[in-house]
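# Overview (structure and organization)
The lines below spell out each chain.
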Amino acid sequence: MCKYELEIVKSMNMKDKIQKDQVPFGKTFTDHMFIMDYETGKGWYDPRIVPYAPITLDPAAMIFHYGQTVFEGMKAYRGEDNRILLFRPDKNFQRLNLSSERLCIPPIDVERVMDYLTQLISLEQDWVPSKEGTSLYIRPYIISTEPGLAVAPSQTYKLMIILAPVGSYFSGGIKPVRISVEDQFTRAVKGGTGMAKTAGNYSSGFQAQAKASKEGNADVLWLDGVEKRYIEEVGSMNIFFKINGEIVTPELNGSILKGITRMSIIELLKEWGIPVVERKISIEELSQAYTEGHLEEAFGTGTAAVISPVGELNWLGRKMIINNNEIGEVSKKLYDTITGIQTGKIEDLHDWTVEIK
Ligand SMILES: *Cc1c(COP(=O)(O)O)cnc(C)c1O
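Residues numbered from 1 in each chain as written. Predicted model: local features only at pLDDT ≥ 70, side-chain atom pairs only at ≥ 80, totals over all residues. Heavy atoms only, no water.

## Regarding unusual backbone geometry
Just so we agree on the cut-off: Helical segments are the DSSP runs of H or I of at least four residues, strand segments are the runs of E of at least two, and each set is numbered from the N terminus. Accessibility here uses a 1.4 Å probe with only protein chains present; expressed as a share of the type maximum, an area under 20% marks a residue as buried, one over 50% as exposed, and anything in between as partly exposed.
Even without being a glycine, Asp46 presents a positive backbone phi close to 55 degrees. In this structure, Asp46 sits in strand S3 (residues 43-51). Backbone geometry places Asn325, a non-glycine residue, at a positive phi of 65 degrees. With respect to the helices, strands and loops of the structure, Asn325 is situated in the loop between strand S17 (318-321) and helix H8 (329-342). On the accessibility criterion, Asn325 (35% relative accessible area) is partly exposed.

## Looking at the site of the ligand
Note the threshold: Residues are counted as near a molecule or strand when any one of their heavy atoms sits within 4 Å of it. Any N or O atom pair separated by 3.5 Å or less is treated as a polar contact, with the protein-specific requirement of one donor-capable and one acceptor-capable atom, and with residues adjacent in sequence counted only for side-chain atom pairs.
In the vicinity of the ligand lie 14 residues, with Lys197, Tyr202, Glu233, Thr261 and Thr303 positioned nearest. Separating a nitrogen atom of the ligand from a side-chain N or O atom of Glu233 is a distance of 2.5 Å. Between an oxygen atom of the ligand and a main-chain N or O atom of Ile260, the distance comes to 2.8 Å.

## Quick look at the side chain of Thr198
Quick note on the threshold: Two residues form a contact once any of their heavy atoms are found within 4.5 Å.
The residue Thr198 is located in the loop between strand S9 (177-181) and helix H4 (199-203) in this model. Residue classification places Thr198 among the buried positions, given a relative accessible area of 4%. From its side chain, Thr198 meets the backbone oxygen of Thr69 in a polar contact 2.6 Å long. Setting aside its immediate chain neighbours within four residues, Thr198 contacts Gly67, Thr69, Val70, Phe71, Leu103 and Thr193.

## Digging into the domain arrangement of the protein chain
Going by this rule: As annotated, the domain borders come from an automatic or database domain assignment. Buried area counts how much accessible surface, traced with a 1.4 Å probe, disappears from two parts once they are put together, with both parts' losses summed. We define a salt bridge as a contact between a side-chain nitrogen of Lys or Arg and a carboxyl oxygen of Asp or Glu at a distance within 4 Å.
Along its sequence, the protein chain is carved into domain 1 (7-168) and domain 2 (177-343). Distance from the C-alpha centre of domain 1 to the C-alpha centre of domain 2: 27 Å. Each partner contributes to the interface: domain 1 provides 21 residues, whereas domain 2 provides 22 residues. Both faces considered, domain 1 and domain 2 share a buried interface measuring about 1,900 Å² in area, 61% of it formed by carbon and sulfur atoms. Three residues stand out in domain 1 for area buried against domain 2, namely Phe87, Arg95 and Arg102, and they jointly supply 32% of the buried area on that side. Put simply, domain 1 and domain 2 have one salt bridge between them. Arg88 is paired through a salt bridge with Glu267; the nearest N and O atoms lie 3.3 Å apart. Every element with two or more residues in the side of domain 1 that touches domain 2 is listed here: strand S4 (69-71), strand S5 (74-78), strand S6 (84-87) and helix H2 (89-102). Considering each element in turn, the side of domain 1 that touches domain 2 owes the most residues, five residues, to H2.

## Remarks on the packing of aromatic side chains
Operational definition: Aromatic contacts are taken between Phe, Tyr and Trp rings whose centres are within 6.5 Å, Trp giving its six-membered ring; a plane angle under 30 degrees counts as stacked, one over 60 as edge-to-face, and the others as tilted. Comment: the charge-over-ring label is applied if NZ (Lys) or CZ (Arg) is within 6 Å of the ring centre and within 35 degrees of the ring normal.
This model, assessed by the stated rule, comprises eight aromatic pairs. Ring geometry for Phe29 versus Tyr52: centroids 5.3 Å apart, planes at 10 degrees, classification stacked. Residue Phe29 is located in the loop between strand S1 (7-8) and strand S2 (32-39), and its partner Tyr52 is located in the loop between S3 and helix H1 (63-66); the two are separated by 23 residues in the primary sequence. Arranged with centres 5.1 Å apart and planes meeting at 20 degrees, the rings of Phe34 and Tyr116 form a pair that is stacked. Taken together, the residues Phe34 in strand S2 and Tyr116 in helix H3 (residues 110-123) connect sequence positions 82 residues apart. For Tyr116, a relative accessible area of 4% puts it in the buried group. An aromatic cluster of three or more residues is present, and its members are Tyr38, Trp44 and Tyr157. Over the face of the ring belonging to Tyr45 we find Lys42, whose NZ or CZ atom lies 4.5 Å from the ring centre. Over the aromatic face of Trp272 sits the side chain of Lys333, whose NZ or CZ is 4.1 Å from the ring centroid.

Structure, rendered in structure tokens:
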């Protein structure tokens, strides 16, 4: 019989909650996890918080064969006043549903799942680290579990949420990164799955990232898959440039992931009266702006780093050093404002944060 009420099974052997300043990202997980099942006809059922442990799947489970899966990434922050805050979590669950739609995965009830997440974090609150820059990373994801090799959407799924305390993204201060423009591989194309947070988009980027890393770069700048001209994203972050006083970011075109950090930055810039446009921008235009001395700042944006300044861009043997390899004024202001709101240091005038009691 399936249940629709949340069940909580507490772990008998709780791990030490050692919150080192610099735990490697995504290696340590908390004591509990959330699971809920889906079956066509029944809907989502058996929501439960259980001890963190391996799960058993049929070797023919569809996730292993056709990659029908989606995920999200968000964080819980501990403020100076010890409150635990989430940043726009409703946007993450809405986006999970958009990703699911693209992968033919059934949608979740955002409000119900928000409630489950709140209870999970509340149970695990001692795991939320407090040092500056640290947080509890939240990874909700859905996998297809029906056994079968027929190429078709699964009839059964699992939604799971696991939690990982994470150290500061920038230990020892924000340092601009070196990026190479990828001219061979493509991350995503219009009509494909680029706007969905789905596994295949990330594994298909590994080869380009390995190549870039061998040449001393932190990540790659992705161009559009059709003309190999227009800038899309940087690694798994959205990208912004400051050109001649104006902030420019590639417009959402179906292959770019709609970042919540990106969305928040655009809203803040508009409020501050700093000109910001979403439009197509080619690598030639960027290079030209650099030559003319107009490329003032470049930065990636996403939940992991919030703002990651780009200090050096390499394109076909050309080396562009941006803002003297230092974080720019607008980048810094955005970083301070968003992290300030996330940790409750700056008053949240937008209703972006949700407190976990
Ligand atoms: C998650 C992600 C982002 C950033 O999204 P946020 O909501 O700001 O964390 C950008 N690009 C890609 C490809 C992503 O997967």
